Amino acid sequence: MFVEEGFPITVEGRREISKGILLTATADTPAKAEMQNFTHHNGFFGCSFCLNAGHNVSTEIKKTPKNPGDPKKSKQPKKKGSVHVYPPGKFPQRTKGETLADAAAAFKSGHPV
Ligand SMILES: [Zn+2]
């Protein structure tokens, strides 16, 4: 919208229409994904360079109860969770054409592709 139609601003009393295009930016990984409407780094195919799907790895900590006969002492807190990892290997690189097509599809759908 801002690129095509612009937005009104007032400069020294004159009403102008200004248009803006972001040419470069610095952001952390989550913000970069949001700015690009791209899958986050912890999602499948979240690498912006290649088509490595990655996979989830559980980080759940299972502790062995010290006193299995004592119900009060056998309740150990469990920490659940997972992380998404991208194992090393050779994966197809994203091409400029595919990236532009994915960007157009994401823009049209309003969702990461
Ligand atoms: Zn990659």
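Data block above holds the structure.
Residues numbered from 1 in each chain as written. Predicted model: local features only at pLDDT ≥ 70, side-chain atom pairs only at ≥ 80, totals over all residues.

1. Some words on helix H3 (residues 96-109)
So, point 1. With 14 residues, H3 should reach 20 Å at 1.5 Å per residue; the first-to-last C-alpha distance of 20 Å fits that figure.
So, point 2. Little of H3 is tucked away, with zero of its 14 residues classed as buried.
So, point 3. Directly after H3, the chain includes Gly-110, whose backbone phi takes a positive value near 80°. (Helix = DSSP H or I, 4+ residues; strand = E, 2+ residues; numbered from the N terminus. Expected span 1.5 Å × (residues − 1). Buried ≥ 20, exposed ≤ 12 C-beta atoms within 10 Å, placed from the backbone.)

2. As for unusual backbone geometry
So, point 1. At Glu-12, a residue that is not glycine, the phi angle is positive and equals roughly 50°.
So, point 2. Along the chain, Glu-12 falls in the loop between strand S1 (7-11) and strand S2 (14-18).
So, point 3. Taking the C-beta count within 10 Å as the criterion, Glu-12 has 5 such neighbours and is therefore assigned exposed.
So, point 4. Positive phi values are uncommon outside glycine, yet Phe-45 reaches one of about 60°.
So, point 5. Summarising the element assignment, Phe-45 is placed in the loop between helix H1 (29-36) and strand S3 (55-58).
So, point 6. Given 18 C-beta atoms within 10 Å, Phe-45 falls into the partly exposed group.

By themselves, these observations are geometric and do not establish any function.
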